[in-house]
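Each chain is listed here by its residues.
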Amino acid sequence: MNRAEEAMKAYMAKAKELVDENNVQFVAAEVETGKAMYLKSCVACHGSAGEGGVGPNLTDAYWIHGGSIKDVFKTIKYGYPEKGMQSWQQQYSPRQMQQMASFILSLKGTNPPNAKPAQGELYEEKAGTDSTTTPQQGNPVAASSL
């Protein structure tokens, strides 16, 4: 019984890392952890408040590559090198990329100063899809562009 219990604990610890673009979810409790990674790796292109710079604004409702948690995770993981967005899958674990995606989606509607104009297409959450909410607004997550 003890060996089985230890094996189960080891599996559950590893299962947290079994996140991919098909099963990723917004995790409000890990937004602050995602913020730390964002500030380390994303500020140069997207700004400290997600206002955009070289990269697009992450605070409005427009997205270049889709605005669902799955789309944002996929953009972080694989990047769009032809557009200057690098892949982060070698630097961050799947769980860390989920944390970053959760932070990015929490930026929706924050209206930072000097925000870059909207780019891409309006993303609106559809009922029955990614019914996640941002921790601050309680609004459906359907944020800006990546």
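### What to know about the overall build of the chain
(1) Moving on: When you go through the chain residue by residue, the secondary structure sums to five helices and two strands.
(2) Moving on: Overall, the chain shows an N-to-C arrangement of helices and strands of α-α-α-β-α-α-β.
(3) Moving on: In the chain, which comprises 146 residues, the proportion classed as buried is 42%.
(4) Moving on: When contacts within the chain are restricted to residue pairs at least 6 apart in sequence, those whose partners lie at least 24 apart make up 72%.
(5) Moving on: A total accessible area of about 8200 Å² is found for the chain, and carbon and sulfur atoms account for 53% of it.

### A closer look at the nonpolar core
(1) Moving on: One finds Trp63, Val72, Ile76, Met100 and Ile104 to be the most contacted residues of the largest nonpolar core, which totals 24 residues.
(2) Moving on: Within the residue set of this core, elements represented by two or more residues are helix H2 (31-41), helix H4 (69-78) and helix H5 (94-106).
(3) Moving on: Once residues within four sequence positions are removed from consideration, Ile76 is found in contact with Met85, Gln86, Ser87, Trp88, Gln89, Met97, Met100, Ala101 and Ile104.

### Side note on the confidence of the model for the chain
(1) Moving on: Averaged over all residues, the pLDDT of the chain equals 86, while 83% of them reach at least 70.
(2) Moving on: Note on residues 130-145: pLDDT under 50 across the span, and 67 contacts to partners over four residues away in sequence or across chains.

### Focus: the pattern of salt bridges
Opposite charge on two side chains permits them to pair, given that their charged atoms come into close proximity.
(1) Moving on: According to the stated counting rule, one finds two salt bridges in the structure shown.
(2) Moving on: Note that Glu21 and Lys77 form a salt bridge whose closest N and O atoms lie 3.2 Å from each other. One end of the pair, Glu21, is in the loop between helix H1 (2-15) and H2; the other, Lys77, is in helix H4, and 56 residues separate them in sequence. Like Lys77, Glu21 is buried.

Scoring rules and cut-offs
Residues numbered from 1 in each chain as written. Predicted model: local features only at pLDDT ≥ 70, side-chain atom pairs only at ≥ 80, totals over all residues. Heavy atoms only, no water. Helix = DSSP H or I, 4+ residues; strand = E, 2+ residues; numbered from the N terminus. Buried < 20%, exposed > 50% of the residue type's maximum accessible area, 1.4 Å probe, protein only. Contact = heavy atoms within 4.5 Å. Areas by Shrake-Rupley, 256 points an atom, 1.4 Å probe, with all protein chains shown as cover. Core = buried A, V, L, I, M, F, W, Y, C linked by side-chain atoms within 4.5 Å. pLDDT = per-residue confidence, 0-100. Salt bridge = Lys/Arg side-chain N within 4 Å of Asp/Glu carboxyl O.

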